[in-house]
Amino acid sequence: MPISSVTNKIFTNKAVLKGLEKVSGHGISFSATTALFMSTIVRPYAIYKTPDVEKENKQYAMSNSIASGLIKFGIVESVALPIECMVKKIDENPEKYLKKTTIKTLKNGADELAKSKSYNLITQFMKLGTGFITAVPKTILTLALIPVIMDKLFKNKDKQSGDNVQPSQVQKSGKNTNFTGLARGITGIIDNPKVQKLALKYQDKDKDIAKHMTAATDLLLTGSFAILTDRSKKIKEDRKKALIYNNVISTGITLALGYGIDSVIKNKTEKFVNKFKQMNIHDPKVLKYIEGINIIRPAVIFAGIYYGILPIFSTYMAERIDKYIQKHK
């Protein structure tokens, strides 16, 4: 069978289209699930196999990876799911939730609001933004969970006094979400004329929103992790710097490589996306499918680099840098 025929079947396959639609509607959930798998299995294994690194530094790095994945999945999902569900309700029945002037403005020539680039830009920003707004709480919970994982997995009996915060003591965001209040908050943002103006101005930049939000979230996570780790009384003083350097190195290289690789792939796949769009041009959900593609691409690239490729290098280099600085103090 010719390759073009196979490609055409994939482009119009109902399961593929349904999957892309799901990713579009649950972008942050897709990213969190991908990160959960990579951070609890792939990255710890890579760190474990890193040569010439002290055993306890490896244990802290592995515990950090596992804790980060678990907390990210839990706290992001508790905030993201209600927002994603509310946006879906608005997609299906905008007249019930939004002002008539908002619908008219954001349609901007589109047949319906769900097909509007400006509207999709606003809603995608809100959905992906949950990862950013939960970055600091996630860091706090991650640091609280690291000593617990160290104790459970590595039988670390060195109980230090200090912070007594346990993950179970911190109320999960969204546990008692007021759905009516959430609806008012989301519709209030969409109904805001300034937000609409920005969306109309940058509606053609929607391809990169997932990538930019991922990068911004990673930077905030790394910065807050470095500050809070340095202040923590639950992490051993002689292990803090290596743990911080590990995160900084991983994030820095991931963003640099991620943006470069994503730009190359995006340019190479432009024809692919255009062909996909043409083959599904009459499908009212075509923008959702493309949105799904634009979420999957950077999520897989960034996760692959951060959790799969870099752990050995960053763990090794973090210890070398820490020892060099300690030696030359």
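For the structure itself, look to the data block above.
The structure reproduced in this document is the subject of the present report. (Residues numbered from 1 in each chain as written. Predicted model: local features only at pLDDT ≥ 70, side-chain atom pairs only at ≥ 80, totals over all residues. Heavy atoms only, no water.)

What the protein chain contains, in helices and strands, is 15 helices and zero strands. Across the 329 residues that make up the protein chain, the buried fraction comes to 47%. Considering only contacts in the protein chain between residues 6 or more positions apart, those separated by 24 or more positions represent 83%. Here the protein chain displays about 17,200 Å² of accessible surface, and carbon together with sulfur accounts for 61% of that area. (Helix = DSSP H or I, 4+ residues; strand = E, 2+ residues; numbered from the N terminus. Buried < 20%, exposed > 50% of the residue type's maximum accessible area, 1.4 Å probe, protein only. Contact = heavy atoms within 4.5 Å. Areas by Shrake-Rupley, 256 points an atom, 1.4 Å probe, with all protein chains shown as cover.)

We now examine the packing of aromatic side chains. Applying the stated criterion across every chain, the model contains one aromatic pair. One Lys or Arg, Lys58, reaches over the ring of Tyr48 and ends 6.0 Å from the middle of that ring. Lying across the ring of Tyr316, Arg320 places its NZ or CZ 4.6 Å from the centre. (Phe/Tyr/Trp six-rings, centres within 6.5 Å; stacked < 30°, edge-to-face > 60°. Lys NZ or Arg CZ within 6 Å of the ring centre and 35° of its normal.)

Let us look at unusual backbone geometry. Of note in the backbone geometry, Asp52 takes a positive phi value of approximately 55° without being a glycine. Structurally, the position occupied by Asp52 is in the loop between helix H3 (27–48) and helix H4 (55–92). Of the residues examined, Asp52 reaches a relative accessible area of 61% and is grouped as exposed.

The next subject is a nonpolar patch on the surface. A surface patch of nonpolar side chains, amounting to about 210 Å² of accessible area, comprises Leu257, Ile261 and Ile265. Locating Ile261 in the fold gives a position in helix H12 (residues 237–268). (Patch = residues over 30% accessible without salt bridge, like charges linked within 9 Å, V, L, I, M, F, W, Y side chains within 5 Å. Salt bridge = Lys/Arg side-chain N within 4 Å of Asp/Glu carboxyl O.)

Moving on, we come to the nonpolar core. By size, the foremost hydrophobic cluster in this structure holds 24 residues, and its most contacted members are Ile90, Leu98, Tyr119, Ile186 and Ile190. Excluding anything up to four places from it in sequence, Ile90 contacts Tyr97, Leu98, Tyr119, Ile186, Thr187 and Ile190. Ile28, Leu145, Met150 and Phe225 belong to the second-largest nonpolar core, a separate cluster that totals 17 residues. (Core = buried A, V, L, I, M, F, W, Y, C linked by side-chain atoms within 4.5 Å.)

So, about helix H11 (residues 209–231). Here H11 spans 33 Å end to end across 23 residues, near enough to the 33 Å set by a 1.5 Å rise per residue. Among all positions of H11, only Ile209, Ala210, Lys211, Met213, Ala215, Thr217, Leu221, Thr222, Ser224, Phe225 and Thr229 are buried. Here the buried face of H11 lies against H4, helix H7 (117–133), helix H8 (135–154), H12 and helix H14 (286–309). (Expected span 1.5 Å × (residues − 1).)

Before going further, it helps to spend a moment on the pattern of salt bridges. On inspection of all chains with the given rule, the structure shows 13 salt bridges. The shortest N-O distance in the salt bridge between Lys241 and Asp230 comes to 3.4 Å. A residue pair is termed long-range when its members are at least 10 positions apart, and Lys241 in helix H12 and Asp230 in helix H11 qualify at eleven residues. Overall, the relative accessible area of 40% leaves Asp230 in the partly exposed class.

Turning our eyes to something else, we now look at the packing of H4 against H12. One way to put it is that H4 packs onto H12 with a least axis distance of 10 Å and a crossing angle of 50°. Relative to H12, the element H4 lies oblique. Here the hand of the crossing between H4 and H12 comes out right-handed. Packed against H4, whose contacting residues are Glu56, Asn57, Tyr60, Ala61 and Asn64, the element H12 presents Arg239, Ala242, Leu243, Asn246 and Asn247 at the interface. Considering only residue class, the contact of H4 with H12 consists of four nonpolar, four polar and two charged. (Axes fitted to C-alpha atoms, helices over the stretch in contact; angles between N-to-C directions. Parallel < 35°, antiparallel > 145°, perpendicular 65-115°, else oblique. Left-handed = near helix turned anticlockwise from the far one by under 90°. Nonpolar A, V, L, I, M, F, W, Y, C, P; charged D, E, K, R; others polar.)

Within the secondary structure, Gly258 is located in helix H12. Residue classification places Gly258 among the buried residues on the basis of a relative accessible area of 0%. Placed 42 residues apart in sequence, Gly258 and Val300 show a C-alpha to C-alpha distance of 9.8 Å. For Gly258, the contacting residues outside a window of four places in its chain are Ile253, Ile301, Phe302 and Ile305.

By the element assignment, Ser65 lies in helix H4. Within the structure, Ser65 has its side chain in polar contact with the backbone oxygen of Ser39 (distance 2.6 Å). Look past the residues within four positions of Ser65 in its chain and what remains in contact with it is Ser39, Arg43 and Pro44. (Polar contact = N/O pair within 3.5 Å; in protein donor to acceptor, adjacent residues only side chain to side chain.)

This brings us to the packing of H3 against H4. Across the interface, H3 lies against H4 with an axial gap of 9 Å and an inter-helix angle of 170°. By the angle class used here, H3 and H4 are roughly antiparallel. Along the lines of polarity and charge, the residues of the contact of H3 with H4 split into 15 nonpolar, seven polar and five charged.

It is worth spelling out the side chain of Ser116 at this point. Locating Ser116 in the fold gives a position in the loop between helix H6 (100–107) and H7. Within the local environment of Ser116, its side chain forms a polar contact with the side chain of Ser118, the two groups lying 2.9 Å apart. If we ignore the near neighbours within four places in the chain, the residues touching Ser116 are Leu106, Lys107, Ala110 and Leu287.

A word on the environment of Ala299. Structurally, the position occupied by Ala299 is in helix H14. Sequence separation between Ala299 and Ala210 is 89 residues, and the spatial gap between their C-alpha atoms is 8.0 Å. Other than its neighbours up to four places away in sequence, Ala299 contacts Phe30 and Ser31.

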